[in-house]
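Observations on chain architecture
Residues per chain, in single letters:
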Amino acid sequence: MGIVEWATSPWGQSVPIHVSFYLLWVSAIAGLLFLIGHAIWLRFSGPEEYEESARANAAALVPDKVPRHSLAARLFHWIMAAAMLVLLFTAFLPKVGVEFPWVTYHWVAGLVLSASIVFHVVHASFWLDFWSIWPDRADSEDGLRRLRRSLGLSAPPPRRFAKYPLENKMYHGVIVLAGLSVMGTGLLMMFRVRTPFLTRNPYLFGDMTWGWMYFLHGLAGVGLIALIMVHIYFAIRPEKLVITKSMIFGTLDRDYYLSHHDPARWGPEETATEEAAAGD
Ligand code: HEM
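Remember, it's a predicted structure, so these values are computed and weren't measured experimentally.

Calculation criteria
- Residues numbered from 1 in each chain as written.
- Predicted model: local features only at pLDDT ≥ 70, side-chain atom pairs only at ≥ 80, totals over all residues.
- Helix = DSSP H or I, 4+ residues; strand = E, 2+ residues; numbered from the N terminus.
- Buried ≥ 20, exposed ≤ 12 C-beta atoms within 10 Å, placed from the backbone.
- Contact = placed C-beta atoms within 7 Å.
- Core = buried A, V, L, I, M, F, W, Y, C linked by C-beta atoms within 7 Å.
- Pairing = 2+ DSSP bridges.
- Near = placed C-beta within 6 Å.
- Axes fitted to C-alpha atoms, helices over the stretch in contact; angles between N-to-C directions.
- Parallel < 35°, antiparallel > 145°, perpendicular 65-115°, else oblique.
- Left-handed = near helix turned anticlockwise from the far one by under 90°.
- Nonpolar A, V, L, I, M, F, W, Y, C, P; charged D, E, K, R; others polar.
- Expected span 1.5 Å × (residues − 1).
- pLDDT = per-residue confidence, 0-100.

Quick look at the overall build of the chain now. Counting its regular elements, the chain contains 10 helices and four strands. The order of α-helices and β-strands along the chain, N terminus first, is β-β-α-α-β-α-α-α-α-α-α-β-α-α. Referenced to the eigenvectors of the C-alpha coordinate spread, the extents of the chain come out at roughly 75 × 45 × 30 Å. Counting over 280 residues, the chain shows a buried share of 20%. Expressed as a percentage of contacts within the chain between residues at least 6 apart in sequence, the contacts between residues at least 24 apart total 76%.

Another aspect to go through is the nonpolar core. Judged by nonpolar contacts, Val 19, Leu 24, Val 182, Phe 215, Leu 219, Ala 220, Val 222, Leu 224, Ile 225 and Ala 226 together constitute the single largest core of 10 residues. Top element by residues in this core is helix α7 (residues 207–236). It accounts for seven residues. Judged by nonpolar contacts, the second largest core, of six residues, contains Leu 87, Ala 91, Ala 109 and Leu 113.

Attention now goes to the pairing of strand β1 (residues 4–8). Both β1 and strand β2 (residues 14–19) contribute to a ladder of five bridges, which runs antiparallel. Opposite Glu 5, over in β2, you have His 18 as the bridge partner. Taking the residues that link successive antiparallel strands as the turn, the β1-β2 hairpin has five residues, and the phi of Gly 12 there is positive, at about 80°.

Attention now goes to the site of the ligand. Taken together, 25 residues sit near the ligand, with His 18, Ala 91, Gly 110, Gly 186 and Gly 221 positioned nearest. Of all the secondary structure elements, the ones that give two or more residues to the shell around the ligand are α3 (71–92), α4 (102–126), α6 (166–189) and α7. Looking at the shell around the ligand, the element that brings in the most residues is α4, giving seven residues.

What follows covers the packing of α3 against α4. Angle between the axes and distance between the axes: these two values describe a pair of packed helices. Across the interface, α3 lies against α4 with an axial gap of 8 Å and an inter-helix angle of 150°. On the basis of their axis angle, the class for α3 and α4 is roughly antiparallel. You can see that α3 and α4 cross each other, and the crossing is left-handed. Of the residues in α4, those in contact with Ala 72, Ala 73, Phe 76, Ile 79, Met 80, Ala 83, Met 84, Val 86, Leu 87, Thr 90 and Ala 91 of α3 are Trp 102, Tyr 105, His 106, Ala 109, Gly 110, Val 112, Leu 113, Ser 116, Phe 119, His 120 and His 123.

At a minimum axis separation of 11 Å, α3 and α7 run at an interaxial angle of 125°. As summarised for this structure, α3 and α7 are arranged oblique, according to the angle between their axes. Between α3 and α7 lies a crossing whose hand is left-handed. Touching Met 84, Leu 88 and Ala 91 of α3 are Gly 221, Leu 224, Ile 225 and Ile 228, all from α7. Taken together, the residues of the contact of α3 with α7 sort by class into six nonpolar, one polar and no charged.

Looking at where Leu 32 falls in the secondary structure, it is placed in helix α1 (residues 23–44). Along the backbone, Leu 32 and Ala 226 are 194 residues apart, and their C-alpha atoms lie at a distance of 7.8 Å.

Before going further, it helps to spend a moment on α6. Taking 1.5 Å as the rise per residue, α6 with 24 residues should run 34 Å; its terminal C-alpha atoms sit 34 Å apart, in good agreement. Against the buried residues of α6 lie α4 and α7.

Moving on to the confidence of the model for the chain. Averaged over all residues, the pLDDT of the chain is 91; the fraction at 70 or higher stands at 94%. Helix α10 (residues 268–278) is the least confidently modelled element of the chain, averaging 47 in pLDDT, while α7 averages 98, the highest of any element. Here residues 271–280 is modelled with pLDDT under 50, and outside its nearest four sequence neighbours on either side it reaches 17 contacts, counting other chains as well.

So, in structure tokens, the structure goes:
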């Protein structure tokens, strides 16, 4: 029971054709186990403690509503989310027995996802703080402190977060890998299907190359099942609803900001400048 489905080409060569689709269940069950495990762990873990910072001085500068996501960033997020869900359902419903002509819906949603990803990369690189989503030294030091404390070992409390906690940064890194993989392979796979704007050309690559391309597309695709489940689980957890609300309205409440974020690492002035630069 491997992870690659093989077939024999007309020339008698053994070639990969798909990822083995039982993996969609492995991914869904792994996602479910993560949710259950996390919910149990959270039930029995104590409240987070943070190192004291100079936030009392900064508090006076913090507005009632702290800007967190610009309108452009929020639009990107929700367009991408809709495209992603359409892609997952059109790809995997037929694999679990719900037959319908899925391919056209799939590639149309694929083009929407690809366009929104390209927009996001340009927007985040030139208008937002590009580095805010990549782990830095303070994140790894604090991650180590949190790990030691959770194991009952001595370590000072971690600092409050900058704009994004380390877990969010790591999640983003993984979703970038999976997202770019489905996008890159999916765009090339458009040559295999009939579309109004491309001349179909299944001979663009050999059987072996196509096979690995379909495999990678499917592998990243099944991985996205667990990733999206985890993302939606966090979005609807009661203590995270405030973050989800900020993805709709764009701002964080002052109290939440002061209790979870370190103004020295992600300041209200910095966020205001970022918004002004984003122009919305
Ligand atoms: C969440 C993201 C995505 C998931 C889960 C996903 C999943 C899948 C799966 C499981 C297949 C069947 C592969 C196979 O038969 O081996 C497939 C095929 C395909 N996907 Fe995606 N995909 C995603 C994104 C995209 C994107 C971004 C595009 C285009 C830009 C795209 C275009 C295609 C095309 C053209 C096919 C081939 C259909 C065929 O040959 O019949 N997909 N996708």
